[in-house]
Amino acid sequence: MESVTGAIAFWILAVAIIGCAVLVLTVPNIFHSALFLVGCLGGIAGIYILLNADFLAAVQILIYIGAVAVMLIFGIMLTQDVVKSNVSNHYRIPALGLSGAFLVILLTAIFGTNWQTQSPSTEASTGSIADALFSNYILPFELSSVVLLTAIIGAIVIAKER
Amino acid sequence: MTSFYGLGALKGLIVTLRYLFRKPFTVEYPDEKLVPNPRFRGNSFVWYEDRCTGNGACAKACPLGIIRIVTHPTSRPDIGNLYAIDRFDIDTGRCMFCALCIEACPYDAVFMGNDFERATKTRDGLVIHKEDLVTGAKLPTQQFRPQLEAMEYKGEEELDQHEAGRWSL
Amino acid sequence: MSNEIISFFNTFLSTSQSEAMATFVGIFFLINFVIIIVAFMTLLERRLLGRLQNRIGPNRTGPNGLLQPFADVIKLLTKEDIVIPAADRWPFNIAPLLALMPALSVWIVIPFAPTWILADLDIGILFVIAITGVSVIGVFMSGWASANKFALLGSMRSVASIISYEVPMILAIIAVVLLVGSMSMQQIVLFQSIPLVLVQPASFVIFLLAIVAELNRSPFDIVEAESEIIAGYHTEYTGMKFATFFLAEYTAALAWSAVVVTLFLSGWRIPFVQADIHPFIDGLVFLIKTIFVFCIFVWFRGTWPRLRIDQILGFSWKVLFPIATLNLVITAIEVLVFNDVFAVAEGETLPTIALVAMGLINIAIFIVVGIALNKFIKPIDQEPQSYPVTREGMTL
Amino acid sequence: MPLNTEPILLNLGPHHPSTHGVFRLRLIMDGEIIEDAEPVMGYMHRGSEKLAEERTYTQIITLTDRLDWLSGMSNNLAYVRTVEKLSDVEVPERAQYIRVISVELMRIASHCMALGFLINDLGAFATPLMYMFREREKILDLLEMLCGARITFSYMRIGGISHDLPEEFLPALRDFVDQMPKHIDEYDELLTKNEIIQTRAKGQGLLSAQNAVDFGVTGPNLRASGVKWDLRKSDPYEVYDRFEFDIPVGDHGDNYDRYWVRLQEMRESLKIISQAMEQIPGGLTRANVPFFVHPPAGEAYSHIEAPKGHLGFYIVSDGTISPWRCKIRSPSFINLGALASMIIGSKLADVVVTFGSLDTILGEVDR
C-alpha cells in the first residue's frame, strides 16, 4: 500500500465500512440495516482487492453478499410486520454481555498476534489457497462440508410438505 | 409416452424458425394500404342532395339518433313542391357505422363512403355537415345498394346522382 | 492495446499514473461501447421477434428503424419520474443503479481479442459469478421499496430462481475450469483448439438453461411475468429509472452471451483456424458469436411459454443439478485419465486429439443418460387426477 | 412448528394485463397459493339490456354486436332467432345456410383468439397469438365481404340476413377452408405437444363434470369437462341437423382439455362450413319483414351455441316496436361463476391461465 491511490482507496473503504457498520446498528428500519450490512461486506471485499487477494474478494462477494445477505433480506421480507417491530427487546443485557465477551476475544487476538508488515504479494493467490485447503486444513475443510450437508438435509426436512 | 421428452418444445422452435425466413404477413400501413371491400362500411358518408327528400327515414332508423335534418317547404318549377334541406348533420363521433340509415333510405340518397382516415383533434371535427357532404368525394360503397353491385362498381371513380340510384331523377 | 495507451500517457505522466489513466480510458470506452451495442440489441430483439411472429417489427424510425433505440431513450428520458408516496425512497432510487452495476462490471473480464481485455484476472470466471450475484440485491431493494405486492412477489420469485440456478450453473462452469485448469478467461479461450461445446455438451446445455433463468428470460421469466405479476419488481418504476432496469437486463443478457462464447464457443478464435489474426477481426468474430448467442435467447422467447415457479425450481434441482453433478464427476475422471494417457506435463494442456476423444465419450454418455432419463420421466398424460365423468348427453 | 403468518390480499385487476378487460379478482393468498377468490364484476356495465328497451327490434341488432366483441355474428343470430320465434317468421333456406357459415367462421375466429390469449397467459411472448391473429384477419376479411364491417357486423336481420353473398365470397371461402387445416396443424405442432404447455396446463384448473353442470357452465368449457352437450346437436337450430360433425370432449376438465377442445372444434367448424358450401341452395335471403317489426305481445326465449357457450335471449314484447324487456343469458358471465371453485388451491400463475382458459369476454359478463 505504498501508492497514494492505494492509500486513498483504503481510507475511503475503511470509513465506509465503519460507517456502514455503525448504521447497521443504529438505523431503525431493519431492512435498511440489512442493506447497510451489504455495503459493509462489500467494503471488506474492496479491502481484499487492495491486498491483491482477488480470489478472497470474489468469494467474499459471492458468499457474503450473494448468499448470506440475500438470505437475511429474504427472511426480513417474509417476516410479518418486521419494520414496525421493536428490534431491541428484553434480550438487551444478555446480548450486551455476549458481544462484550466477543469484543474481548477479538481484542486479545488482535493485540496478541505478531503482525508482519509486508507489501502484498502480486502473485495469484488461488493456487496457494487451494494447496493450503487440501493439505494443512483438510480436516476443517471436510468438517465444513459435513456441516453444510447437514444443513441441506435439515432444510429439506423442514421444507418437506407434511 | 413414445416420443423423447423435450422434443415437442424443440419442434416448436423449428416452427418459429421457419417464420424467420418468410415474408411478414403484415403490411406497412401508410406506405401500403389494403383495399377495402366494395361493401365496406367506411368512416364517412356520401349524400346526394337532389335525391334527398328530407323525409327523415335515415334519422328515424338511426339507433343513436345522430342524424339531424332541418327542412323547409319550397317548390321547384321542374319537380313541384318539395322540402329543401337546410341542415343535414351526421355526428360520426357517436356513429357506429351500422348502415341502418342506408338501409332505411327509400330514395338512395345516402350511401356509406369508403374513407377511413378521418382522425381529427376535436369532437366537433367529426361532425359531417351538409356542406361537407355536398362537396365531399362521391365514392359510395355497395352497402345496401344492389344496383351498385350489379354494375360492379368498386369505388374507384366518383358517381353522380344519376348513376348511383336505382332510378335516375 | 493497453500498452499503446500507456505509452501515450507516458509521454506526460509517470508510469503508475499513466496505467491508471489507461484503465480509466479503457473503462470509459468499454462502457460506452457496451451500452451502444446493448441499445441496438433491443432493436435486434424486437425486429427478430417481429419476424418470428410473421410481422415486421419497428422500422419507422430512421433507416430500417435503426434510430429506434434513441427514440426509446428520448421518450423514457422525457417521461415523468414518479416516486410513489408509499415507496421507501432511498432504496427505491438506488436499486436501478445496483442492478446495472454488476451487469456492466462483468465486461471487465470479457476477452474481445488476445490483447483486448480490460483485466485478465486470474479468477476471471469466478469474478463473473460473484459480481452477478450482487444484482439480486438491486432486484430485492426495488421489490421491497415499491410498496407493491406484485413487485414484492416478483423479487421473491427472482431470488428463489437465481439462487437455485446458480448451483447447476457453477457446477457446469467447474467442469470447464477443471478441463482447462485455469479460471482466467483468456486461458479458457486459448485452451479451446476446438470449441468446448463439442467437448462438454452437457455443461453447455446446463449453462445455457441456467443463464436463461438467471437472466429472467423466457421460458423462465417468472420474475416479470407480465400475465401474472404485471412487470414484477419494476412495476412502479417510470422514466429513466425503468430504462436503467431495462438496460441492466439487456447488458446482463449480452454479458452472459459473451461468457457463453468465451467458455464454450472458443471466444475470439475463428473455429478450426489456429492463428489469431488482427485483434480487430478477432473482436468482430467475438461480437458476432455473442450476438448469435443472444439471438438464441430471443428465439426461445419468441417460441416458448413460461413455466411456473415451482416447476422452474424443480427443474433446476431435480433435472439440472443431478446431470451437472454427474457431468462434473465424469469430467474429473476424464481429466485424470487423459492427463495420464497423453502424459501431459505440468503447465501444459491436453492436445486436440484428446479433446476430440473426450468430446465423443461425453456426447455418447450424454445421449445414453438422456435416453435412460426419458424412461424415468413420468408421462404427463397420467398426472392429473381425473374426476368421474358423465359422458351421456342430457336431454332437453 | 406453527408460524404466525398472515394471508396476502391481492387485487388482480381491474387493471391487469391478463384480465382480458376490466375484471377484478380479489385473491386471498398464502404465499403464492390461492386460499380464497372472489370475482368482482361490473366494471364494464354498459346497460345493453336497458338500452334494448328503447330501441326498435332492428336497432337492437347493433347492440348485440358489442356483447361479445369477438363473435358478433353469433350474438346477432341468437337475437334475431328470438325475435323470429316471437313473431313467427319463416327464414328462407339460403339465409339459414349463410347464417350457419358466418357463425361457424365466427366460432373459428373466436377460438383463435381464445387460444392465442390462453397461450399468452401461459407466458408465450405473443407468437401463437400473432399466428392466430393472422387467421382471424382472414376470417374478418371474409366477413367484411359479407357485410362491410369487421367487428360490429350487424349482419343478421329479422327474417334473414342483410345482404346476399357477393360473387367472390364462395371461392374465397373455399380457399380459406383449404388453407386453414394447415394452420391448425401448425398450432398443433407449435403448442399441443409442447412439454412446457403440458406441464403448465395439465391437471390445473380442474372442473369436474358434476361441478360444471351445477354451475351451469356451457360451451367448450363444459365439453372439456367431459359432458357431451352441444346445442347444435342436442337442440338443432337453423340447418345444423343437416351436417355431419363431431363434438370433441375432454377427459379431465383441466386447462389443457379446454385448450384441446377448442382446437378440435375449429376443425369441426371447418367441416360444417365445407358441407354448407356444397349444400347451399339459391333463392331469397330475407323474408318479407318490415323494418320496424311489430311482434305480437308475448314472450320468447331462444338460445344458440355461441363460441363461448349458450347464448340466450329472453324477450318480452308488448306489441310495440321495441321490447318491453330483453334479458341476455350470456355464457361468459355464467362460466365465470365456476372460476372461484377452480382456482382455490392453485398458484397465482395458474389463476390467470385458468381464467384465460374459460375464454371470458368482459363485454358479455357485465353487458
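Relevant structure appears above.
These numbers come from a predicted model, not from an experiment. (Residues numbered from 1 in each chain as written. Chains lettered and ligands numbered in written order. Predicted model: local features only at pLDDT ≥ 70, side-chain atom pairs only at ≥ 80, totals over all residues. Heavy atoms only, no water.)

> Let's hear about the state of the cysteines: which residues, and what values?
Applying the stated criterion across every chain, the model contains zero disulfides over all chains. As a non-bridged cysteine, Cys95 of chain B has Cys98 of chain B as the owner of its nearest cysteine sulfur, 6.5 Å distant. This cysteine, Cys326 of chain D, is not joined by any disulfide, and Cys98 of chain B carries the nearest cysteine sulfur, 17 Å off. Exposure remark for Cys326 of chain D: the relative accessible area of 1% places this residue in the buried category. (Disulfide = S-S within 2.5 Å. Buried < 20%, exposed > 50% of the residue type's maximum accessible area, 1.4 Å probe, protein only.)

> Tell me about the arrangement of the chains, residues and numbers included.
Of all five pairs of chains in contact, the one with the most contacts involves chains C and D. With respect to C-alpha atoms, chain A approaches chain B no nearer than 27 Å, and the pair has no contact. (Contact = heavy atoms within 4.5 Å.)

> Explain the pairing of strand β2 (residues 24–30) of chain D to me, using residue names and the numbers behind them.
All names here are of chain D. Here strand β1 (residues 8–12) runs beside β2; their pairing, made up of five bridges, is antiparallel. Each bridged residue has a counterpart across the sheet, and for Asn11 the counterpart in β2 is Arg26. Strand direction decides the pairing type here: β2 and strand β3 (residues 33–40), joined by seven bridges, are antiparallel. Paired with Ile28 across the strands is Asp36, a residue of β3. Following β2, the chain reverses through two residues before pairing antiparallel with β3; Gly31 in that reversal takes a positive phi of roughly 70 degrees. (Pairing = 2+ DSSP bridges. Helix = DSSP H or I, 4+ residues; strand = E, 2+ residues; numbered from the N terminus.)

> Please give an account of a nonpolar patch on the surface that cites residues and values.
All names here are of chain A. Residues Phe102, Leu103, Ile105, Leu106, Leu107, Ile110, Phe111 and Trp115 make up a contiguous nonpolar surface patch of about 900 Å² in total accessible area. Examined against the element boundaries, Trp115 turns out to sit in the loop between α4 (92–112) and α5 (126–134). The exposure class of Trp115 is exposed, given its relative accessible area of 59%. (Patch = residues over 30% accessible without salt bridge, like charges linked within 9 Å, V, L, I, M, F, W, Y side chains within 5 Å. Areas by Shrake-Rupley, 256 points an atom, 1.4 Å probe, with all protein chains shown as cover. Salt bridge = Lys/Arg side-chain N within 4 Å of Asp/Glu carboxyl O.)

> Help me get a handle on the sheet that holds strand β8 (residues 325–329) of chain D, residues and values and all.
Residue and element names in this part refer to chain D. Taken together, the three strands give an open sheet; going across it, the order is β6-β7-β8, and neighbouring strands pair in antiparallel fashion. In the strand order of this sheet, the two ends are held by β6 (298–306) and β8, each with one partner. Taking the axes of each pair of neighbouring strands and ignoring which way they run, one obtains an average angle of 10 degrees across the sheet. Note: β6 against strand β7 (residues 309–317), nine bridges, orientation antiparallel. In the strand pairing of β7, Ala300 is matched with Ile315. Contacting β6 and β7, helix α3 (residues 72–87) crosses the sheet at an angle of about 150 degrees to β6. (Axes fitted to C-alpha atoms, helices over the stretch in contact; angles between N-to-C directions.)

> Which residues make up the packing of aromatic side chains, and what are the values?
All chains considered together, the criterion is met by 35 aromatic pairs over all chains. Both rings, one in Trp47 of chain B and one in Phe88 of chain B, keep their centres 4.5 Å apart while their planes meet at 20 degrees; by these two values the pair is stacked. Highlighted residues: Trp47 of chain B in strand β1 (residues 45–47) and Phe88 of chain B in strand β3 (residues 80–91), separated in sequence by 41 residues. Take Trp47 of chain B: its relative accessible area is 1%, and that puts it in the buried class. Residue Phe88 of chain B is classed as buried on the basis of its relative accessible area, which comes to 1%. On the basis of an interplanar angle of 45 degrees and a centroid distance of 5.8 Å, the ring pair of Tyr256 of chain D and Tyr259 of chain D is categorised as tilted. Of this pair, Tyr256 of chain D and Tyr259 of chain D are both found in helix α11 (residues 255–279), three residues apart, which corresponds to roughly one turn of the helix. A single burial state applies to Tyr256 of chain D and to Tyr259 of chain D, both of which are buried. What links up through ring pairs into an aromatic cluster is the set Tyr97, Tyr237, Tyr240, Phe243 and Phe245 of chain D. (Phe/Tyr/Trp six-rings, centres within 6.5 Å; stacked < 30°, edge-to-face > 60°.)

> So what's going on with the interface of chain C and chain B? Residues and values would help.
On the side of chain B, 20 residues touch chain C, which itself brings 19 residues to the contact. Overall, the association of chain C and chain B removes approximately 1800 Å² of surface from exposure, summing both partners, and the carbon and sulfur fraction of that is 64%. Ranking the residues of chain C by area buried against chain B places Arg51, Asn54 and Trp299 of chain C at the top, with a combined share of 30%. Where chain C meets chain B, there are two salt bridges. Measuring nitrogen to oxygen at the nearest pair gives 3.2 Å for the salt bridge that ties Arg60 of chain C to Asp31 of chain B. Our count for the chain C to chain B interface comes out at nine residue pairs in polar contact (both at pLDDT 80 or more). At the level of secondary structure, the elements contributing two or more residues to the side of chain C that touches chain B comprise α2 (15–52), α13 (279–303) and α15 (352–376) of chain C. (Buried area = accessible area lost by both parts, 1.4 Å probe. Polar contact = N/O pair within 3.5 Å; in protein donor to acceptor, adjacent residues only side chain to side chain.)

> Which residues make up empty space enclosed by the protein, and what values go with them?
Leftover empty space is mapped by rolling, across the atoms, a probe with the size of a water molecule. Per the counting criterion, the structure on display carries eight cavities of 30 Å³ or more. A volume near 240 Å³ is recorded for the largest cavity. Taken together, 16 residues make up the lining of the largest cavity; nearest its centre are Ser135, Glu214, Ala248, Glu249 and Ala252 of chain C. Of all the elements, helix α12 (residues 239–264) of chain C adds the most residues to the lining of the largest cavity, at five residues. Considering only enclosed or pocket space, the second largest cavity measures out at about 80 Å³ in volume. Lining the second largest cavity we find 13 residues, and of these Cys62, Ile66, Cys95, Cys98 and Cys101 of chain B sit closest to its centre. Among the residues forming the lining of the second largest cavity, the class breakdown is 13 nonpolar, no polar and no charged. (1 Å grid on protein atoms, 1.4 Å probe; cavity = no way out; pocket = protein on both sides within 12 Å on 5 of 7 lines; lining within 4 Å. Points joined across faces, edges and corners; volume = space filled by probe spheres on them. Nonpolar A, V, L, I, M, F, W, Y, C, P; charged D, E, K, R; others polar.)

> How would you explain the pattern of salt bridges if you had to name every residue and give the values?
All names here are of chain D. Applying the stated criterion across every chain yields a total of 48 salt bridges over all chains. The shortest N-O distance in the salt bridge between Glu238 and Arg81 comes to 3.1 Å. In this pair, Glu238 is assigned in the loop between α10 (231–234) and α11 and Arg81 in helix α3, connecting sequence segments 157 residues apart. Look at the salt bridges and you will find they share partners, linking Glu104, Arg107, Arg223, Asp230, Arg232, Glu265 and Glu305 into a network.

> Give a detailed account of the packing of helix α1 (residues 7–20) of chain B against α13 of chain C, specifying residues and quantitative values.
Helix-helix packing is characterised by the crossing angle of the two axes and by the distance between the axes. Interaxial distance between α1 of chain B and α13 of chain C falls to 9 Å at its minimum, and their mutual angle equals 100 degrees. Taken together, the axes of α1 of chain B and α13 of chain C are roughly perpendicular relative to one another. Note on element contacts: α13 of chain C touches α1 of chain B through Trp299, Phe300, Gly302 and Thr303 of chain C, opposite Gly12, Leu13, Ile14, Thr16 and Leu17 of chain B. For the contact of α1 of chain B with α13 of chain C, the residue count by class is five nonpolar, four polar and no charged. (Parallel < 35°, antiparallel > 145°, perpendicular 65-115°, else oblique.)

> So what's going on with the pairing of strand β2 (residues 67–76) of chain B? Residues and values would help.
Residue and element names in this part refer to chain B. Bridge analysis of β2 against β3 gives ten bridges, and the strand direction is antiparallel. Paired with His72 across the two strands is Ala84, which belongs to β3. A loop of three residues connects β2 with β3, the two strands running antiparallel in sequence.

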